[in-house]
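The chain contents come next:
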Amino acid sequence: MINGARGWADVFEWRHGYRGRVGTYAAVVLAGGAARRMGGVDKPALPVGGRPMRDRVLAAVADATPRVLVGAAQGVPAGVRVVREDPPGGGPVVAAAAGLALLDPDTALVALLAGDLPLLTRAAIGDLLDHFDRESASTEPAGERSASAPPAGGGERGPDGVCFVDGDGRRQSLCGVWRVAALRAALDRLAVERGGSLSGAPVRALLAGLVVREVGWSGEGPPPWFDCDTDEDVRRAEEWAR
């Protein structure tokens, strides 16, 4: 049991060690989409373990500043910024652009997350932040090791982001941590390539050309990137969440 002034958040930060190195981070949770395979329901609002999936994702990034939800505003926890993608249903890249637009100008690092990851935990987010920190520290010259500054003086380029990879080698791009500047530059590039429209663009096109480090999951329990695309997926998540 954790007593006194040292709460769970403090213990979490101590265990994962990223505070004071990569600094604060933001979170953008993508909770739009039509969920066609589930009859068009508001999928992120479906409960798992008695809580909407999107709320479970937001809880995993409770220490992020700010937290942005791209999707419906109804029932969203207090303190979360909400925006809708334009056009509605335009896909995850359009949603990511809308979420990034709400971040403060000096925000350097963002967790970009799907809204249907009910098994995501704060420990998993801490693992990503730790990996980002270690990768940045190993490639950027001393004195330039921050989440926002590029390497100086010919140093090896640090990562633009880190994300989980599953046992089959598939990147889980919407369960990762990224440099905000890199994502914004990628959005600008992709918009030019597509004649000004990001609607329908795949995430892999957004991340093409970025330096990405892949992180395997070595923690206990189910994989944090498990997403719910079908009713059966929701049932499996319910069993794991018990």
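Just above, that's the structure.
This structure is a prediction, so every number in the text was calculated from the model and none was measured. (Residues numbered from 1 in each chain as written. Predicted model: local features only at pLDDT ≥ 70, side-chain atom pairs only at ≥ 80, totals over all residues. Heavy atoms only, no water.)

1. Considerations on the overall build of the protein
(1) Moving on: Across its full length, the protein carries 7 helices and 9 strands.
(2) Moving on: Out of the 242 residues belonging to the protein, those deemed buried represent 48%.
(3) Moving on: A sequence separation of at least 24 residues applies to 65% of the contacts in the protein between residues at least 6 apart.
(4) Moving on: Total accessible area on the protein stands at roughly 11400 Å², and carbon and sulfur atoms take up 50% of it. (Helix = DSSP H or I, 4+ residues; strand = E, 2+ residues; numbered from the N terminus. Buried < 20%, exposed > 50% of the residue type's maximum accessible area, 1.4 Å probe, protein only. Contact = heavy atoms within 4.5 Å. Areas by Shrake-Rupley, 256 points an atom, 1.4 Å probe, with all protein chains shown as cover.)

2. Describing the packing of aromatic side chains
(1) Moving on: If you walk through the whole model with that rule in mind, you get 3 aromatic pairs.
(2) Moving on: Ring centres of Phe164 and Trp217 lie 5.8 Å apart, and the angle between their planes is 90 degrees; on these two criteria the pair is classed as edge-to-face. Placement of Phe164 in strand β7 (residues 161–165) and of Trp217 in the loop between β9 (212–215) and α7 (231–241) is noted, with a sequence separation of 53 residues between them.
(3) Moving on: According to the relative accessible area criterion, Phe164 is buried, its value standing at 0%.
(4) Moving on: On the basis of relative accessibility, which here comes to 23%, the residue Trp217 falls in the partly exposed class. (Phe/Tyr/Trp six-rings, centres within 6.5 Å; stacked < 30°, edge-to-face > 60°.)

3. Some remarks on the sheet that holds β9
(1) Moving on: The 7 strands are arranged β5-β4-β1-β6-β8-β7-β9 in an open sheet whose pairing can be described as mixed. Either end of the sheet is taken by a strand with one partner, and the two such strands are β5 (81–83) and β9. Across the sheet, the mean angle from the axis of one strand to that of its neighbour is 25 degrees, orientation sign disregarded.
(2) Moving on: Bridge count between β7 and β9: 4 bridges; the pairing is parallel. Bridge pairing in β9 places Gly161 opposite Val212.
(3) Moving on: Across the sheet, helix α3 (residues 92–101) is in contact with β1 (26–31), β4 (67–71), β5, β6 (109–114) and β8 (171–179); its angle to β1 comes to roughly 145 degrees.
(4) Moving on: Sheet strands touched by helix α5 (residues 180–193): β6 and β8. Its angle to β8, the strand with the most contacts, is close to 115 degrees. (Pairing = 2+ DSSP bridges. Axes fitted to C-alpha atoms, helices over the stretch in contact; angles between N-to-C directions.)

4. Here's the deal with the pattern of salt bridges
(1) Moving on: This model, assessed by the stated rule, comprises 12 salt bridges.
(2) Moving on: In this structure, the salt-bridge partner of Glu85 is Arg84, at a minimum N-O distance of 3.7 Å.
(3) Moving on: The partner of Arg189 in a salt bridge is Glu193, and the shortest N-O contact between them spans 3.2 Å. Taken together, the positions of Arg189 and Glu193, both in helix α5 and 4 residues apart, correspond to about one turn of that helix.
(4) Moving on: Arg189 gets classed as partly exposed once you look at its relative accessible area, which sits at 27%. (Salt bridge = Lys/Arg side-chain N within 4 Å of Asp/Glu carboxyl O.)

5. Observations regarding the packing of α3 against α5
(1) Moving on: Following both chains from N to C, one finds α3 and α5 inclined at 130 degrees, their axes separated by 11 Å at the closest point. Looking at the two axes, α3 sits oblique to α5. In the crossing of α3 with α5, the sense of the turn from one axis to the other is left-handed. Within the contact between the two elements, α3 uses Val93, Ala97 and Leu100 and α5 uses Leu183, Arg184, Leu187 and Leu190.
(2) Moving on: Residue composition of the contact of α3 with α5, grouped by class: 6 nonpolar, no polar and 1 charged. (Parallel < 35°, antiparallel > 145°, perpendicular 65-115°, else oblique. Left-handed = near helix turned anticlockwise from the far one by under 90°. Nonpolar A, V, L, I, M, F, W, Y, C, P; charged D, E, K, R; others polar.)

6. Topic: the layout of surface pockets
(1) Moving on: Roughly 230 Å³ of internal volume is contained in the second largest pocket.
(2) Moving on: Listing elements by their share of the lining of the second largest pocket, those giving two or more residues are α2 (53–60) and α7.
(3) Moving on: Partitioning the lining of the second largest pocket into residue classes produces 10 nonpolar, 2 polar and 3 charged. (1 Å grid on protein atoms, 1.4 Å probe; cavity = no way out; pocket = protein on both sides within 12 Å on 5 of 7 lines; lining within 4 Å. Points joined across faces, edges and corners; volume = space filled by probe spheres on them.)

7. Things to note about α5
(1) Moving on: Along its 14 residues, α5 runs 20 Å from first to last C-alpha, staying within 8% of the 20 Å computed at 1.5 Å per residue.
(2) Moving on: Listed in full, the buried residues belonging to α5 are Val180, Ala182, Leu183, Ala186, Leu187, Leu190 and Ala191. In an axial view of α5, the angular spread of the buried residues amounts to 165 degrees, which keeps them on one side of the axis. Facing away from the buried surface of α5 by more than 90 degrees, the exposed residues are Ala181, Asp188 and Val192.
(3) Moving on: Where α5 ends, the next residue or the one after it, Gly195, has phi of about 70 degrees, a positive value. (Expected span 1.5 Å × (residues − 1). Arc of directions from axis to C-beta.)

8. Description of the pairing of β8
(1) Moving on: Among the 9 residues that make up β8, 7 are buried, leaving the element largely enclosed by the rest of the structure.
(2) Moving on: Strand direction decides the pairing type here: β6 and β8, joined by 5 bridges, are antiparallel. Within β8, the residue paired with Val110 across the bridge is Trp178.
(3) Moving on: Direction of pairing for β7 relative to β8: antiparallel, over a ladder of 5 bridges. Its bridge partner being in β8, Val165 is matched across the sheet by Arg171.
(4) Moving on: Connecting β7 to the next strand, β8, in antiparallel fashion are 5 residues, including Gly169 with a positive phi near 85 degrees.

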